[in-house]
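# Summary of structural features
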Amino acid sequence: MTGPDKLPPAPQTIAAAHGVATDQSFGAIAPPLYLSSTFEFAGYNQPRAYDYGRGGNPTRDLLAEALAKLEGGGGAVITSSGMAALDLLVSRHGPNDLILAPHDSYGGTMRLLKARADRGHVRTRFVDQANEAAFAAALKEGPSLVLIETPSNPLMRVTDIAAISAKARAAGAKVAVDNTFLSPAIQQPIALGADYVIHSTTKYLNGHSDMIGGAVVAANPAEAEALHSWANTIGSIGAPFDSWLTLRGLRTLFPRMEQQQRNAMTIAEFLESHAVVAKVHYPGLASHPGHGVASRQQRGFGAMLSFELAGGEAAVRQFISAVGFFTLAESLGGVESLVAHPATMTHADMGEDARAAAGISDSLLRLSVGLEAERDLIAGLEQGLAACES
Ligand SMILES: *Cc1c(COP(=O)(O)O)cnc(C)c1O
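What counts and what doesn't
- Residues numbered from 1 in each chain as written.
- Predicted model: local features only at pLDDT ≥ 70, side-chain atom pairs only at ≥ 80, totals over all residues.
- Heavy atoms only, no water.
- Helix = DSSP H or I, 4+ residues; strand = E, 2+ residues; numbered from the N terminus.
- Rg over C-alpha atoms; globule rule 2.2 N^0.38 Å.
- Areas by Shrake-Rupley, 256 points an atom, 1.4 Å probe, with all protein chains shown as cover.
- Lys, Arg positive; Asp, Glu negative; His and termini not counted.
- Charge placed at Lys NZ, Arg CZ, Asp CG, Glu CD.
- Salt bridge = Lys/Arg side-chain N within 4 Å of Asp/Glu carboxyl O.
- Buried < 20%, exposed > 50% of the residue type's maximum accessible area, 1.4 Å probe, protein only.
- Near = heavy atom within 4 Å.
- Polar contact = N/O pair within 3.5 Å; in protein donor to acceptor, adjacent residues only side chain to side chain.
- Nonpolar A, V, L, I, M, F, W, Y, C, P; charged D, E, K, R; others polar.
- Contact = heavy atoms within 4.5 Å.
- Domains from an automatic or database assignment.
- Buried area = accessible area lost by both parts, 1.4 Å probe.
- Phe/Tyr/Trp six-rings, centres within 6.5 Å; stacked < 30°, edge-to-face > 60°.
- Pairing = 2+ DSSP bridges.
- pLDDT = per-residue confidence, 0-100.
- Axes fitted to C-alpha atoms, helices over the stretch in contact; angles between N-to-C directions.

### Examining the overall build of the chain
- In terms of regular secondary structure, the chain is built from 13 helices and 12 strands.
- What you see for the chain is a C-alpha radius of gyration of 21 Å, in line with the 21 Å of a compact globule of 390 residues.
- Projecting the C-alpha coordinates of the chain onto the three principal axes gives extents of approximately 80 × 50 × 40 Å.
- Accessible surface, the chain as shown: approximately 16800 Å² in total, 54% of it carbon and sulfur.
- Taken together, the 29 basic and 38 acidic charged side chains of the chain have centroids lying 5 Å from each other.

Written as structure tokens, this is what we have:
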């Protein structure tokens, strides 16, 4: 991709075309997939740009460059999963380091942080970042890293990234934001003060539910280089083919997000007006407590939402057996619409008491809204809701 020199390409252009038409051998438009594990030296003591695939791979690096640019960072590391991305950052810390994470962290994040703490690798503390007194008290303990997830899973609570980052920074802590639920098309945490952005590329960035991957973007180029070196040390790297698929998915990130969030808004309004729905959690609704902050720090409201059925667990069963076009499955961010029941699926491990404390009731359902026609998605939901009424 070459363009006018003076104008830095817009994010949409980076997503659609970073690395396009750069093939020197044959002029391939689509960047080639380099599967080779090792690379020939030019001669005695003369390594080329690449020597061994754990340390670097052209396909993986192209994806890393594109993500770093989209997040406004100094560099990125591509890992084998979102959890590997989080652990790449966490495992650089030591037994004296404290990591502050949200009390309603993604389940896998909570499991990883607890497992690392149980083994004495790091110290961890889970706090409600919306509770100013509790967060201020936790900052007094001198954390090394503050982790933010916004919007949260599955209640879509919105955290003010700029406000939390400023407080964390004043306390001497670095800030990492899990941006999986929105992608850089909608939210750029580094511009709001974060030091790192974590992604499960499995979700919106790839967008087609056909690979597992992750990424860490660092604001500071030297930090990105250190993470790159650490990934090479511990072997926590993304496969070239998965990187190629993710780069292919990234091409359509912006139009996918735009259409999916438009569908989500229509669905949220439809659900909010329906008699058998007790509550809808979607930051795009004026009724949502995070609506104001989301309007400020996001370019849109995303395509994830959750809602509670008035009829409790019985209604959930009826809804799930009757709903159309939404498939019962975990994960999110693909072109296809999915419905999940957090209490028996994504949040089953949490235990009943912890779920109750976090506000995750048995009648809560989470939707990942896809690219299907709005008309079909509404009809599919109507069919599910009608079954709850009978
Ligand atoms: C899925 C997810 C992860 C974990 O990513 P994997 O690719 O499944 O390892 C982390 N954070 C959030 C918010 C997620 O949705």
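Back to the text.
### Some words on the pattern of salt bridges
- Counted by the stated rule, this structure contains 11 salt bridges.
- With a shortest N-O distance of 3.7 Å, Arg-111 and Asp-349 are connected by a salt bridge. Here Asp-349 lies in the loop between strand 11 (338-340) and helix 12 (352-358) and Arg-111 lies in helix 4 (residues 107-118), a separation of 238 residues in the sequence.
- By relative accessible area, Arg-111 is classed as exposed at 56%.
- For Asp-349, a relative accessible area of 71% puts it in the exposed group.

### Topic: the site of the ligand
- Contacts to the ligand come from 13 residues, most closely from Gly-82, Asp-178, Ser-200, Thr-202 and Lys-203.
- One of the side-chain nitrogen or oxygen atoms of Thr-202 is found 2.8 Å away from an oxygen atom of the ligand.
- Of the residues that constitute the shell around the ligand, the class distribution is five nonpolar, six polar and two charged.

### A closer look at the environment of Ser-331
- In this structure, Ser-331 sits in the loop between strand 10 (327-328) and strand 11.
- Sequence separation between Ser-331 and Ser-368 is 37 residues, and the spatial gap between their C-alpha atoms is 8.1 Å.
- Not counting chain neighbours up to four residues away, the residues in contact with Ser-331 comprise Lys-203, Leu-338, Arg-366 and Ser-368.

### Here's the deal with the environment of Thr-346
- As for its placement among the helices and strands, Thr-346 is situated in the loop between strand 11 and helix 12.
- Using a relative accessible area of 25% as the deciding quantity, one classes Thr-346 as partly exposed.
- Along the primary structure Thr-346 and His-281 are separated by 65 residues, whereas in three dimensions their C-alpha atoms are 17 Å apart.
- At 2.8 Å, the side chain of Thr-346 forms a polar contact with the side chain of His-347.

### Re the side chain of Ser-152
- Note that Ser-152 resides in the loop between strand 4 (145-149) and helix 6 (161-170).
- Here Ser-152 is in contact with Asp-104, Arg-157 and Phe-181, once residues within four sequence places are set aside.

### Topic: the domain arrangement of the chain
- One can read the domain layout of the chain as domain 1 (11-250) and domain 2 (253-389).
- Domain 1 puts 36 residues into the contact, and the matching count from domain 2 is 38 residues.
- Between domain 1 and domain 2, roughly 3000 Å² of surface is buried when both sides are summed, and carbon and sulfur atoms account for 60% of that area.
- At the boundary of domain 1 and domain 2, one finds two salt bridges.
- Counting every contact that joins domain 1 to domain 2 gives 16 residue pairs in polar contact (both at pLDDT 80 or more).

### Structural notes on the packing of aromatic side chains
- Under the counting rule described, the total for this entry stands at three aromatic pairs.
- Between Phe-39 and Tyr-50, the ring centres sit 5.6 Å apart and the planes meet at 40°, which makes this aromatic pair tilted. Within this pair, whereas Phe-39 is found in the loop between helix 1 (11-17) and helix 2 (58-71), its partner Tyr-50 is found in the loop between helix 1 and helix 2, the two being separated by 11 residues in sequence.
- On the accessibility criterion, Phe-39 (19% relative accessible area) is buried.
- Aromatic side chains Phe-241 and Trp-244 sit 6.1 Å apart centroid to centroid with 15° between the ring planes, which places their arrangement in the stacked category.

### Let's talk about the pairing of strand 9 (residues 304-309)
- Along strand 9, six of the six residues are buried, which leaves the element largely enclosed by surrounding structure.
- Covered by surrounding structure in strand 9 are Met-304, Ser-306 and Glu-308 together with Leu-305, Phe-307 and Leu-309, the residues of both alternating faces.
- Direction of pairing for strand 8 (residues 277-281) relative to strand 9: antiparallel, over a ladder of four bridges. Residue Val-280 lies in a different strand from strand 9, and its bridge partner there is Phe-307.
- Of the pairings in the sheet, the one linking strand 9 to strand 12 (residues 364-368) comprises five bridges and is antiparallel in character. Opposite Phe-307, over in strand 12, you have Leu-365 as the bridge partner.

### Brief notes about the confidence of the model for the chain
- When pLDDT is averaged across the chain, the result is 96; 99% of the residues are at 70 or more.
- Across the chain, element-level confidence peaks in strand 7 (residues 214-218) with a mean pLDDT of 99 and bottoms out in helix 12 with 86.

### A word on the sheet that holds strand 4
- Within the open sheet, the seven strands sit side by side as 1-7-6-5-4-2-3. Their pairing is mixed. At either margin of the open sheet sits one strand with a lone partner, and together these are strand 1 (75-79) and strand 3 (123-127). On average, each strand axis in the sheet is tilted by 20° relative to the strand beside it, whichever way the strands run.
- One ladder, built from three bridges, connects strand 5 (residues 174-178) with strand 6 (residues 196-200); its direction is parallel. Its bridge partner lying in strand 6, Asp-178 is registered against Ile-198.
- Sitting on the sheet, helix 7 (residues 221-234) touches strand 1, strand 6 and strand 7, and the angle it makes with strand 1 is about 20°.

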